[in-house]
Structures are given as structure tokens and as C-alpha cells.
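# Survey of secondary and tertiary structure
Residue-level listing of the chains:
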There are 2 protein chains.
Amino acid sequence: MGSSTGGRPPVMADVAKAAGVSHQTVSRVLNDHPNVRAETRSRVLEAIDLLGYRRNMVARALVTRHSRTLGVVSFDTTLYGPASTVYGIEQAARDAGYFVSIVSLRTIDRAGVRDAINYLIEQGVDGIVVVAPQRSAAAALEDLSPGIPIVAVEGGHSGQVPVVCVDQAEGARLATAHLLKLGHETVWHVRGPQDWLEAEGRVEGWHETLSTAGREIPEVLSGDWSPRSGYEAGKRLATMAGEVSAVFVANDQMSLGVLRAFTEEGVRVPEQISIVGFDDIPESEFFSPPLTTVRQDFGAVGRHSIDVLLGQLEEGAAKVLERFVVPPDLVVRGSSAPPGA
Amino acid sequence: MGSSTGGRPPVMADVAKAAGVSHQTVSRVLNDHPNVRAETRSRVLEAIDLLGYRRNMVARALVTRHSRTLGVVSFDTTLYGPASTVYGIEQAARDAGYFVSIVSLRTIDRAGVRDAINYLIEQGVDGIVVVAPQRSAAAALEDLSPGIPIVAVEGGHSGQVPVVCVDQAEGARLATAHLLKLGHETVWHVRGPQDWLEAEGRVEGWHETLSTAGREIPEVLSGDWSPRSGYEAGKRLATMAGEVSAVFVANDQMSLGVLRAFTEEGVRVPEQISIVGFDDIPESEFFSPPLTTVRQDFGAVGRHSIDVLLGQLEEGAAKVLERFVVPPDLVVRGSSAPPGA
DNA sequence: ACTGAGAATGTTAGCGATAACACTACCGAA
DNA sequence: TTCGGTAGTGTTATCGCTAACATTCTCAGT
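To start, this report covers the structure provided alongside it. Source: prediction; values computed, not measured. (Residues numbered from 1 in each chain as written. Chains lettered and ligands numbered in written order. Predicted model: local features only at pLDDT ≥ 70, side-chain atom pairs only at ≥ 80, totals over all residues. Heavy atoms only, no water.)

### As for the protein's contact with DNA strand C
Put simply, the rule reads: Whether a residue is near a molecule or strand depends on its heavy atoms: if one lies within 4 Å, it is near. Whenever two N or O atoms come within 3.5 Å, that pair is a polar contact, provided that in protein one can donate a hydrogen and the other can accept it, and provided that, for residues adjacent in sequence, both atoms are side-chain atoms. Comment: elements are numbered from the N terminus, with helices defined as DSSP H or I runs of at least four residues and strands as E runs of at least two. Each residue is assigned to one of three groups, with Ala, Val, Leu, Ile, Met, Phe, Trp, Tyr, Cys and Pro labelled nonpolar, Asp, Glu, Lys and Arg labelled charged, and all others, Gly among them, labelled polar.
As a structural note, the neighbourhood of DNA strand C is formed by 29 residues, with Met-12, Gln-24 and Ser-27 of chain A together with Thr-40 and Arg-65 of chain B the closest of them. Measuring from a phosphate oxygen of DNA strand C, one finds a side-chain N or O atom of Arg-60 of chain A at 3.4 Å. In the environment of DNA strand C, a base oxygen lies 2.6 Å from a nitrogen or oxygen atom belonging to the side chain of Arg-28 of chain B. Of all the secondary-structure elements, those providing two or more residues to the surface near DNA strand C are α2 (23-30) and α4 (57-64) of chain A together with α2 (23-30) and α4 (57-64) of chain B. Counting residues per element, the surface near DNA strand C draws most heavily on α4 of chain A, at five residues. Its residues placed into classes, the surface near DNA strand C shows eleven nonpolar, twelve polar and six charged.

See below:
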């Protein structure tokens, strides 16, 4: 590749010299300016190819004040939900011609989120998506230095930034109503961890559906999203097998734990107890029995968050603080059936 | 925040004026140069705080020629393996004071990988980690424009770049030997997709262990990592329940599918057939029965890849092209037992 | 008091690109 | 012929920072 540039990678001036034009003309070719003669353009392109020239985006970003890079702040991208969301965001960003820089927090707290955001701003990102599924993370969005567009995914309606999220309460309503419609007297619930907004939303939808239907509202069991915590909840539910006929579990991983506990305790699903999960991870279809669950469209969440972000970027700060809600779907499989079936 | 900078974000010169020093002194404070009087330093820091100044890393990168950003090229970061690897890389990079820019490919082919790498180089990353678990991706590393350190994770020994990976063959040996030791005559295998190096490595270790032990080598079944493909393989294996007593499945998701198929066909695990998986995803412990599997330490892979990359960065190109292998572990659970137990 | 070595600070010159403006052709209309 | 408009190109300034060198200050040793 690079010849006659003395070892160092070629810069625009080298291309200009090789093509016999000014560096500005090279810049025009690179940026598709209309006022360049076709012959000149091809001569420049030839020189670029010959020298193996690559534009220095850092220098470009310095003068244009745009890096065409977006920042993403997330939490534990090993979990299916966050991983899928981040993937969706990355794909949507790239389709829009943007790069993605990721900061994956180990623990989420106000300071961590704020630091991550500052870190990204220093790096010169044009906008930031914060995947903030926890109350404490959402809170961190309250005290923000303005000046850069931010979108929260799965965050609360903090009022400070636009939010894109799946309608958790609606998903819980679908799940609970499905079980009631099958004929169950009431529905038990294994909720997610306290600090998570998604867990709250699911409790809310479940609670609302039961009370609207005038049903008894059982004590809520708690988990931390992990299969193990579901297993523990399942052990407790198994001891109450007489009074429990249907359980709405706040995610699929915990559902797996509940199923395992039931299997160990000889509780048959769905004959004795029906189970509905949440997320529709790829494994759910192959649980024993296959899990009825609520599917979230993470790809849509990613795309919308990028849409909103780029909207802010292009239309300036005057943009309305929207709240974009993606509807979930119920996927019915073998883990739910009429009581005593 | 920012006052007296006329609306625009403050720059170093603004801080300098506010502190009554030159911008160079501000730079020195920011870069922890020794030759700054303590009193001056604190005056500068005060001004920084007062103005809400944030250093422009883009300008800094332009002059230092280092962005302190690393690029990661990956494939389908929704899968547990890649997601965990990327997470490990990101954490290790941040601990080392580096940012991470991610390009997540939808499909992996030579052109895609090369474009992604060029894309990242243009962006000014200091080095690149390519998570290239497929043969075609590894091939893309052959024809590389040099000039920037690259490390392959899970890639083949292409000879062009250093590689960090888990010893797949060793994991397969552990799994197969475990089943033989339990007393099984031979071990069947459900392999991963053709193009994947990990799938090849696992086949290799399995095959080698069987032939070393002088056992018959059964026909290999194929899957694509998905639970569904495991399910289909499981259906076939169930029809041969008489002659099959042990199966080594190339990942945990497929193992789940196999388990599901066996459950449907009334094949009991581990009484009739033992199963060993690979990966140790968080769900495996709660399968029915809990899955014996091979654990990969993705965190270690991430850390080592960053180590190698930074090593290249700091010690120049003279670095040896190493191959760093992380050993896997066997995790014994309920899905494996002596034959006919 | 004088000197010289270092510490502490300031000044100038880029990094590699784009923006803004200046300039040269060339065209058709007056 | 003269003029104005526009397509095509070049020149200069600038983005915000650090490197390199220049300068001033401080203080011990004579």
C-alpha cells in the first residue's frame, strides 16, 4: 500500500499531491460535493486507492463537531434482555450510519451512570442511549448536564429524557388475563428484584388485572431474575400446591427454576399448576413443558430508541420529550391450561 | 454550569483564563505532569470545576494519535457465548483505561469482517479484538492491512494474528472421558454447525478420546446451536434408544432440545441415556435433570485478549504471535450416570 | 552578590481534516 | 463587447488539544 509517504500513513495532502489537486478537492470528493468534475473525481479516487488512503475520522470529528458515534450505557449485557436490547440498538445505529461505543456497568448506581455518561460525552459521542432498567439508574438521569441528546430505554418517566420501553404492565395483564380466562380462581406472582422498573410494571399489571376481575390477591413472592431464585420460589409454591393453581413468573429464567422445583416436588405442570413467564428467551419453547410467556420485541425497542435519539440530534433540543411504548405479545404454549386439567 | 464562555462549552483556554495561567498549564494538570506547583494545580482544578469543563478527547486523540479506544468485531451478541466474551472484553478494557466500540455483524463473511475492521481503523481505534468463531471470519484475518494491533478470540491459528481461545478439544475430551469412565461403551455426538471452529474442536476432542480408548465411533449428528436443532437430533436419537447410552452435545442450548425430545419420547435421563453439554449457561443447572456440562471461562478469555492486545500496543509490532489457551472445566450434574442406572 | 541547575510556567507550532471565502474559467444575455 | 452568474478549484483559518522549545523564577553553592 502506501508509497512515497515516508512510512507514515498517507494523509489528505499526500492524496492531493498524487492527484495534482488541492487537499480541499480531495475533501470534496470524499464528501460527495457536487461541484467536482467527473474527471477530477476519478483522478482523486485513483490516488486514494493507490496510496491506500483512509480518512482520519478523528480530525474530521474535531472540525465538524460530530463523531457519528453514539454511546450506550448498559448493565450486565450477559442477561438476555439487556443483550438483545443492546444488539437492537447497535444494528439500528449502524443502519443509520452511526457507530456505537459501549459502557457496560457492573453495578448500577447513580454515580456509575453519571460517570459513564460523562465518560462518553468526553469521548465526543453525538448522543447517548441509557439502558436503565433500574430505579436507581433512572434516577441518575435526573441530574444531567444538558447539551447532548439522551434517550432512556426501559427507564422510568423521569420527565428529563424521552423514554422507549416495552409496556410491562400490559404484558403482565396479558399473562394474568390469559390464566383467568382459562378458569383459574386467581394467579400467584413471582416478581423480579425490588429496584427494577420492569419488575414493578409487571407486578402492577398483574395486580390491576386481578383486582379489576374482583379476585383475591395472593402474597407476592420475590426473585432476582436468576433461575436459582425461581427455584426457591418454586419450592415454596410447591408446599402450597393445594391452593395454588396458576403462577405468573416475572421472567423465563425464574420460570425454569420454578419448573425445576415443581418437577422435584412432583407437582405436574400444567395439570396441577399453570405457569406463564416473561421474555420468550430462545430456550422457553423447549422447557418441559414448553413455556407460555410474554414476548418483548427488543429489536423494535432498539430501533425506536435510535429513531428518537437521531430525531433529537437533527431537530435540535426543541424536541418533545416523548414516551414510546412497544406492545408485548402473549405466546401460548404447554405450561398453561385450565385448572385441574 | 458554564459561565462566561458565551454559551458554548468551555475549552482549555477558558479554564486557563479563569485560573490565570496558560492553557498549557491546564493541560499539565490534566495529564498529571509533575512540574506543577500544588497551589497552581488546585487553582486550575477549581476553575475546571467552576466552569464545568470537560476535556475534548477528540482533539487530544488527534494530536497524541491515541484514542484510548479499542474496537470489537463480533457476531450475534445475543448468543450466550459471544455476549459473555464481549462483556469480558469490555470489562477488561475499561479496567485498563480503554473504551470499547462495537460492531456486531449480522452475518459473518470475509467482506463483512474486513469492512468492520476498516471502519474501526478509520474511527481511530488503537487496537481491535475480533471475535471470530467461524472459519470464514478467521479467514478474513488473513488479508489485513497491517499497522494496527489485532487479536482474534476463538479464531483459528491463522498465523497472522495472535489468538486467545478456550481449549475446545480439551473440553470435549473431558466430557467424553467422563462418560466413558462412568462405564458407557461409546459416546454419541451432536455437533455444532460446519463453519464454526468451536464445533470442529469439540468434534476433534470427542473423536480422539474415543479412538484412543479403542471405542467404536458412532455417526455424528449435526445442529446449529439452537435448541430446536437439538430437539430434532434428540428425536432421532430417541429412535435408537436401544443402542445409544451416552450423548455429548456441543452446547447447552441444543442439550435442552435433546432433553425435551427425550422427555416427549419417554426416554429417561440419565437412566437410559446420559447427556453432557457445553458452555454452562446459567440455565443448565435447572434443566430436568440438571445438566452435566463443560464450563468456559469467558471472563478469562476477555481479560487475556485485552492483555495480548495492550502488550502489542505497548511493545510494538515486534511482539510474538502467541496463542493463548484457556482451559475449560467439567461440571458434573444429574444428566450423566453409569449406563442402565 | 553571582552563578547555574532545575523547577515552574509561557509561547509557538502542529495534528488532519472541514469551513469560509477567494479566485479563475466559461457561459449566455444585454 | 461587457457583464453577471455559476461551476470548479485553491488558499487560509480554525477546531481543541499536546509537543517542543523558550523563558522566567528559585535556591543552593561558591
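### Quick notes on the relation of the copies chain A and chain B
Quick reminder of the rule: When the copies are superposed, the least-squares fit draws on C-alpha atoms of residues that have pLDDT of at least 70 in both. In what follows, a contact means two residues having at least one pair of non-hydrogen atoms within 4.5 Å.
Taken as rigid bodies, chain A and chain B are interconverted by a rotation of 180 degrees and an axial shift of 0.1 Å, the fit giving an RMSD of 0.2 Å. The transformation relating the two chain copies, once decomposed into turn and shift, fits a two-fold axis. The C-alpha atom lying nearest the rotation axis in chain A is that of Ser-101 of chain A; the distance is 2.1 Å. Looking at chain A, 100% of its interface residues are interface residues in chain B too, so the copies touch through the same face.

### Things to note about α2 of chain B
Put simply, the rule is: Each residue is placed in one exposure class: buried if its accessible area under a 1.4 Å probe, protein chains only, is under 20% of its type's maximum, exposed if it is over 50%, and partly exposed if it falls in between.
Within α2 of chain B, burial applies to Thr-25, Val-26, Ser-27 and Val-29 of chain B. Positive backbone phi, at 55 degrees, marks Asp-32 of chain B, one or two positions downstream of α2 of chain B.

### Re the interface of chain A and chain B
In many analyses, interface size is given as the accessible surface area lost on bringing the parts together. Quick reminder of the rule: Computed with a 1.4 Å rolling probe, the buried area is the accessible surface lost when two parts are put together, summed over both parts. Any Lys or Arg side-chain nitrogen located within 4 Å of an Asp or Glu carboxyl oxygen qualifies as a salt bridge.
With 56 residues of chain A at the contact, the number on the chain B side is 56 residues. Carbon and sulfur atoms supply 56% of the area buried between chain A and chain B, which totals about 5200 Å² over both sides. The largest share of the area that chain A buries against chain B comes from Arg-54, Phe-99 and Phe-286 of chain A, three residues that together contribute 15% of it. Seen at the junction of chain A and chain B, the total is four salt bridges. Here Arg-228 of chain A makes a salt bridge to Glu-285 of chain B, at a shortest N to O gap of 2.4 Å. The interface formed by chain A and chain B holds 25 residue pairs in polar contact (both at pLDDT 80 or more) in total. Elements with a minimum of two residues in the side of chain A that touches chain B: α4, α5 (80-95), β2 (99-105), α6 (110-122), α10 (227-239) and α11 (252-265) of chain A.

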